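Spelled out from the first residue to the last, the chains are:
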Amino acid sequence: MKFRSITFDLDGTLLDTVGDLAEACRLMLIDLDQAPRSETEIRHFVGRGMAVLVERCLTRDSAPDAELMARGIAAFQRHYAAVNGHRTEFFPGVREGLAAWHATGLPLAVVTNKPAAFTEPLLERTGIAHYFQAVVSGDTTPHRKPHPAPLLHACAALGSAPADNLHIGDSKHDIETARNAGSMVYCVPYGYNEGEPVNAADCDALVADLGVALRLAYSA
């Protein structure tokens, strides 16, 4: 295998966290006396981090003002901390795939736009924290995906060059991040991608699950 490290997106790639996110958004909107959002809407809102999720929930005819945004973020953080991991589910093949990737001996990392206060507790609660040598969250670096900084930070922590890294994600943001950093990128088709299917032509491979990704990486 030519790769020397592997980085994974979290929400939509490893874990289906929409149940938790939707519940936190529901409680936030109640606190703010705002109309509810459906879980389908929340699924389409996910992908650019917590602040964008909150903003999208609060946007109706116009974007929320700064005061409402601040209240929304504070309420969301409070509620999400309480429900984080309670309704999260693994996507098919993730448990087996992570174990197989770990068995290769390659260093693995998570690169996510989720804030660190929620990322590491979620990895612990789902029992997969031990697989990762590094975790790069949405507030680890000054920039979030699709800026290359989080992926470059992960590669530095793993001791590999970006060109020797494979990033696995579920969205156009993961593709753009990898391209900006100079890494190859595989995408899974079952994630969020803001409600749009991933275009196979945009990534280096569209793979059914992490096991398929591993087999393909061995032949790359």
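Residues numbered from 1 in each chain as written. Predicted model: local features only at pLDDT ≥ 70, side-chain atom pairs only at ≥ 80, totals over all residues. Heavy atoms only, no water.

Draft legend 1. Examining the pattern of salt bridges more closely. Summed over all chains, the structure comprises 11 salt bridges. Notably, a salt bridge pairs arginine 78 with aspartate 31, separated by 2.7 Å at the nearest N-O pair. Of the two residues, arginine 78 is situated in helix α4 (residues 66-83) and aspartate 31 in helix α1 (residues 18-31); the sequence distance between them amounts to 47 residues. The partner of aspartate 174 in a salt bridge is lysine 145, with the nearest N and O atoms 2.8 Å apart. Of this pair, aspartate 174 sits in helix α8 (residues 172-181) while lysine 145 is found in the loop between β5 (134-136) and α7 (149-158), placing the two residues 29 residues apart along the sequence. By sharing partners, the salt bridges in this structure join Asp9, Lys145 and Asp174 into a single network. (Salt bridge = Lys/Arg side-chain N within 4 Å of Asp/Glu carboxyl O. Helix = DSSP H or I, 4+ residues; strand = E, 2+ residues; numbered from the N terminus.)

Draft legend 2. Layout of the pairing of strand β4 (residues 108-111). In β4, alternate side chains face the same way, and those of Leu108 and Val110 on one face and Ala109 and Val111 on the other are all buried. Here three bridges tie strand β1 (residues 5-8) to β4, and the two strands are oriented parallel to one another. Counted as the bridge partner of isoleucine 6 is leucine 108 from β4. Pairing analysis gives three bridges linking β4 to β5, with the strands arranged parallel. Note that in β5 the partner of valine 111 across the bridge is valine 136. Read from β4 through helix α6 (residues 116-125) to β5, the crossover connection turns out right-handed. (Buried < 20%, exposed > 50% of the residue type's maximum accessible area, 1.4 Å probe, protein only. Pairing = 2+ DSSP bridges. Right-handed = clockwise from strand over helix to strand, strands pointing away.)

Draft legend 3. Summary view of helix α3 (residues 50-58). Buried residues of α3: Met50, Val52, Leu53, Val54, Cys57 and Leu58, and no others. Lining the buried residues of α3 we find α1, α2 (39-45), α4 and α6. (Contact = heavy atoms within 4.5 Å.)

Draft legend 4. Representation of the sheet that holds β4. The strand order across the open sheet built from six strands is β5-β4-β1-β6-β7-β8, with neighbouring strands paired in parallel fashion. The open sheet is flanked by β5 and β8 (205-206), the only strands paired with a single partner. Both β1 and strand β6 (residues 165-169) contribute to a ladder of four bridges, which runs parallel. Counted as the bridge partner of serine 5 is asparagine 165 from β6. Sheet contacts for helix α5 (residues 94-103): β1, β4 and β6; angle to β1, the most-contacted strand, approximately 155°. (Axes fitted to C-alpha atoms, helices over the stretch in contact; angles between N-to-C directions.)

Draft legend 5. Representation of the nonpolar core within the structure. One finds Phe8, Leu14, Phe76, Trp101 and Phe132 to be the most contacted residues of the largest nonpolar core, which totals 54 residues. Those residues in contact with phenylalanine 8 that lie beyond four places of it in its chain are Leu14, Leu98, Trp101, Leu108, Ala109, Val110, Val111, Phe132, His167, Ile168 and Leu210. Membership of the second largest hydrophobic core comes to 14 residues, among which are Val111, Val136, Leu151 and Ala178. (Core = buried A, V, L, I, M, F, W, Y, C linked by side-chain atoms within 4.5 Å.)

Draft legend 6. Structural context of the side chain of asparagine 193. By secondary structure assignment, the location of asparagine 193 is in the loop between β7 (184-187) and β8. In terms of polar contacts, asparagine 193 uses its side chain to reach the backbone amide nitrogen of lysine 172, at 2.8 Å. (Polar contact = N/O pair within 3.5 Å; in protein donor to acceptor, adjacent residues only side chain to side chain.)

Draft legend 7. How the structure looks around the environment of alanine 109. When you line up the elements, alanine 109 lands in strand β4. Sequence-wise, alanine 109 and glycine 191 are 82 residues apart; in three dimensions their C-alpha atoms are separated by 19 Å. Setting aside residues no more than four positions away along its own chain, alanine 109 makes contact with Ile6, Thr7, Phe8, Phe132, Ala134, Ala154 and Leu158.

Draft legend 8. Just the packing of α3 against α4, in detail. Following both chains from N to C, one finds α3 and α4 inclined at 115°, their axes separated by 10 Å at the closest point. Crossing of α3 over α4 shows right-handed handedness. Residues Met50, Ala51, Leu53, Val54, Glu55 and Leu58 of α3 form the contact with α4, whose participating residues are Leu68, Met69, Gly72, Ile73, Phe76 and Gln77. (Left-handed = near helix turned anticlockwise from the far one by under 90°.)

Draft legend 9. The arrangement of the packing of α1 against α4 in detail. Two numbers describe how α1 lies on α4: the axes approach to 8 Å, and their chain directions differ by 135°. Classified by the angle between their axes, α1 and α4 sit oblique to one another. The handedness of the crossing between α1 and α4 comes out as right-handed. Counting all contacts with α1, which are made through Asp20, Leu21, Glu23, Ala24, Cys25, Leu27, Met28 and Asp31, the residues of α4 involved are Arg71, Gly72, Ala75, Phe76, Arg78, His79, Tyr80 and Val83. Grouping the constituent residues of the contact of α1 with α4 by class yields nine nonpolar, two polar and five charged. (Parallel < 35°, antiparallel > 145°, perpendicular 65-115°, else oblique. Nonpolar A, V, L, I, M, F, W, Y, C, P; charged D, E, K, R; others polar.)

Taken by themselves, the reported measurements are silent on function.
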